[in-house]
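Summary of structural features
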Amino acid sequence: MDLTLRVWRQSGPGDKGRFEEYPAPGIASHMSFLEMLDIVNERLTLAGVEPIAFDHDCREGICGTCGLMIDGRPHGPWEGTATCQLHMREYHDGDTITIEPWRAKGFPHIKDLVVDRRAFDRIVEAGGYITVSAGSAPDANLIPIPKEAAEYAMDAAACIGCGACVAACPNGAAQLFVAAKYSHLSLLPQGQPERWSRAEAMVDTMEHYFGSCSNHGECEAACPKNISLDFIALLNRDYIRAKWKNRRLAGQS
Amino acid sequence: MQLNARIPEGPIQDKWANRRFDLKLVAPHNRRRFEVIVVGTGLAGAAAAATLGAAGYHVKAFTYHDSTRRAHSIAAQGGINAAKDYHGEGDSIYRLFYDTVKGGDYRSREANVYRLAEVSNEIIDQCVAQGVPFAREYGGLLHNRSFGGAQVSRTFYARGQTGQQLLLGSYQALAREVGQGTVELFTHTEMLDVVVVDGRAAGIVVRDLETGAITSHSAHVVILATGGYSNAFYLSTNAMACNTTAIWRAHRKGALFANPAFTQIHPTCIPASDETQSKLTLMSESLRNDGRIWVSKTAGDHRAPAEIAEGERDYYLERRYPAYGNLTPRDVASRAAKVVVDEGKGVGELRNGVYLDFEEAIGRLGRDVIEARYGNLFEMYERITGEDPYRVPMRIYPAPHYTMGGLWVDYDLMSTIPGLFVAGEANFSDHGANRLGASALMQGLADGYFVLPYTVAGHLAGMLGEAPVPTTHPAFVAAVAEVEDRLGRLLVANGSRTVDWFHRELGKIMIEHCGMARSAEGLRQALAEIPPLREEFHRDVRVLGDNESMNQSLERAGRVIDFFELAELMCRDALYREESCGGHFRVEHQTPEGEALRNDDDFAHVAAWGWEGEGAEPSLTKEELEFESVALAQRSYK
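On a predicted model such as this, the values are computed, not experimentally measured, just so you know.

Turning next to unusual backbone geometry. A negative phi holds for most residues other than glycine; trans holds for most peptide bonds. Residue and element names in this part refer to chain B. One non-glycine residue, aspartate 198, lies in positive phi territory at about 55°. Inspection of the secondary structure puts aspartate 198 in the loop between strand E6 (189–197) and strand E7 (200–208). With 8 C-beta atoms packed within 10 Å, aspartate 198 lands in the exposed category. Located in the positive-phi region is asparagine 259, a residue other than glycine, with phi close to 45°. Looking at the element boundaries, asparagine 259 is found in the loop between strand E10 (257–258) and strand E11 (263–269).

Our focus in this paragraph is the nonpolar core. Counting 290 residues, the largest nonpolar core has Cys165 and Val166 of chain A together with Val36, Ile223, Leu224, Leu407 and Leu420 of chain B as the members making the most contacts within it. Residues contacting leucine 420 of chain B, with those up to four places away along its chain left out, are Val194, Ala201, Val222, Leu224, Ala250, Ala255, Met414 and Ser415 of chain B.

All names here are of chain B. For chain B, the assigned domains read domain 1 (266–400) and domain 2 (474–598). Each of domain 1 and domain 2 was reduced to a C-alpha centroid, and the two centroids are 30 Å apart. Across the boundary between the two partners, domain 1 contributes six residues, which contact six residues of domain 2. The biggest single contributor to the side of domain 1 that touches domain 2 is helix H9 (residues 330–345), with five residues. Taken together, the residues of the side of domain 1 that touches domain 2 sort by class into two nonpolar, one polar and three charged.

Attention shifts here to the packing of helix H14 (residues 499–514) of chain B against helix H15 (residues 520–540) of chain B. All names here are of chain B. Where H14 contacts H15, the two axes come as close as 9 Å, and the packing angle between them is 170°. With respect to H15, the element H14 is oriented roughly antiparallel. Side by side, H14 and H15 meet where Phe502, Glu505, Leu506, Ile509, His513 and Cys514 of the first sit next to Gly522, Leu523, Gln525, Ala526, Glu529, Ile530, Leu533 and Phe537 of the second. In the contact of H14 with H15, the residues fall into nine nonpolar, three polar and two charged.

We now examine helix H1 (residues 15–22) of chain B. Residue and element names in this part refer to chain B. Of the residues making up H1, those classed as buried are Lys15, Trp16 and Arg19. All buried residues of H1 fall inside an arc of 95° around its axis, so they share one side. Of the surrounding elements, those touching the buried residues of H1 are helix H5 (110–130).

On to the interface of chain A and chain B, then. Listed as interface residues are 68 residues of chain A and, on the opposing side, 65 residues of chain B. Of all the elements in the fold, those that place two or more residues in the side of chain A that touches chain B are helix H1 (33–46), strand E6 (109–111), helix H2 (119–127), helix H3 (147–157) and helix H5 (175–186) of chain A. Residue contributions to the side of chain A that touches chain B peak at seven residues, all from H1 of chain A.

The rules behind these values
- Residues numbered from 1 in each chain as written.
- Chains lettered and ligands numbered in written order.
- Predicted model: local features only at pLDDT ≥ 70, side-chain atom pairs only at ≥ 80, totals over all residues.
- Helix = DSSP H or I, 4+ residues; strand = E, 2+ residues; numbered from the N terminus.
- Buried ≥ 20, exposed ≤ 12 C-beta atoms within 10 Å, placed from the backbone.
- Core = buried A, V, L, I, M, F, W, Y, C linked by C-beta atoms within 7 Å.
- Contact = placed C-beta atoms within 7 Å.
- Domains from an automatic or database assignment.
- Nonpolar A, V, L, I, M, F, W, Y, C, P; charged D, E, K, R; others polar.
- Axes fitted to C-alpha atoms, helices over the stretch in contact; angles between N-to-C directions.
- Parallel < 35°, antiparallel > 145°, perpendicular 65-115°, else oblique.
- Arc of directions from axis to C-beta.

Okay, structure coming up:
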């Protein structure tokens, strides 16, 4: 099929940026979206045009590196699918596809379609962990965890940290990302001792970089791993509770 | 050069305890005086950096990713082994050790493998305490499944995302240390050289991928945990950025490279669809627990799978290996698939796959159970191929996946350059000629959490009072100049072909001659074809842009330079090793049934190669392997 790409080109944070149009003839329907971009880049290189910078790595939907705004939708039209797993059989001859980077204040621009998502790591560094020195853990089966609880924690833990939730949000909020990491840890018995400090530290750090959540729900629709909005409710509830919990009594429950 | 693996004295089950007791310690108040560099933040690197940081050392961690959570450890699907024997099947540390040595076709170092099995249980404890949501039974206890090459269920898993969950565990541990200030983190920063002063590792040279700035960092020790080199084949299951540069540059600075030809071709990947394919996607080996592998008994049978009656199908693994059936080790399953496809029995449009069929399992267990076990893998398959594996059998074919070879290390995981440690897939030590499924995650975390923190401390203890070599030292200045020159030449070549074109051409040579079946003739041909292609690359590659901002073509070009040199060494090692063992299959050396035929009299050793300069023959040093606990035997999975 023959396609036309409208691609955001911006050499760096100092550049204003603009859309450029590139023809993409002879694209096969079984290619992945990123393989299509590879081909366009090879052709650009041979034509003397600097190739389009875009983030990608594992190309199997798990590393969270890729992330393109495709025709106004983070990761494109397929539900529950990261950009790298989108395939060209979605498109038809003659289509024009618009490709942009994630746009959010919390994600400063680097080049073309690449943005800086390191604010996510700052949030995790603030409290998105369970403290365990290597070698100090008790036997893995010492604390049984109900299967449903482990599965629910896993639903949250499936987050790949791609940033689609932020890109989709009209407020540029990171609530779904933070809620996923927070819930993963705080739903497990091992995550209880640091639960209240985690809620406060992660949310406060998030507020420093990102906008505030107003329950639009765009994030859930954009999430390539179908992370549920319910986790945001859980995070918000725990954040408020953390404000009056007396942590000296937390060992009682 | 003489290689001393420094294997501790004593019976095998006491060696690690003996070594830990003999290693010197660094008192807590002295630890902050030591600088440690960790390159790579996958399972091994993140675990090591987090543990050493928490212990009090001053750690600098480097990754070329934007975040430490992106390392390719994250893509491991199936699981992680441990000798817990939670299900009373007769498993034990000794059995895990035995299976791993046997699975590696008797080409690994016994003492290292035993230690790996020994710490496997602690890894599971550590991960559960960190919040890794492993699969559980209704009673709340941990569940296990089976993997190839074992007759017990010892694999712990988190859906089809075990690597992701384990990496997030070590990523969080590292993030904690970064937040506490004990680890200084450098993201989007790629290591391009090791600096050696007076024969010892003194630091590294790195490039900032956003600004192009080239800088150097010095330390008392350098740990490389930079993964494997399957991308030498171009198409592999590795992530696009996985590369050999860190270990190859260390090799050029004096670290011996062990068994480069020991590469693993994973049996269950989605077959390539055409030339533009950029990578191959793995379908977890765990699928072989319930999926049955087959092709038509008749070559050239192009009917749809449903039209091929039961009696016309050849379940070739079940037929050839009744005891292990579809769960034979990876090397055996891969070669068996190649045999039937070469016979013209391949399936799919390009006739380049075999079926992995769940019809029987769905009939026996119900669709719900299969969905719960493999749902996300089935979805992934459907997204890529457009076919529904609940109704049509999957098509699979082997693809380069893991490299057992790597930098030679002693028992303490130190390379032949003192002060340079190597962990995870980047070293060669634990998997011999073939890695068993669910053992890579185990090794990465074992090295990072439970081995390096002891052995690195033991090494540092001898350096108390020494300052790191300053980065103004002439060796650092020269290394920076060399890196600048290397990149500069790429930018001015302005030839007529792209970096990817060269990488693809190299990959074709490698998979053809150094892939699943290797012959002396083919390997000689590859060794004749690679150097001219490499020269053409330097002359005719086109890298646009500059070195002042992000330049992804330049990054790739730098990595491909090193793949060219490594590829030659892989072929040379494959040609040298006149035997078949594990993933290394020389067609000249096989049993009448087509199984790998080892030559223990001449090749029960590690082949460690030394760099002798560009265009010069590499030197060979041997480490003889001694098997005191496991008797050498022909592997049989029948």
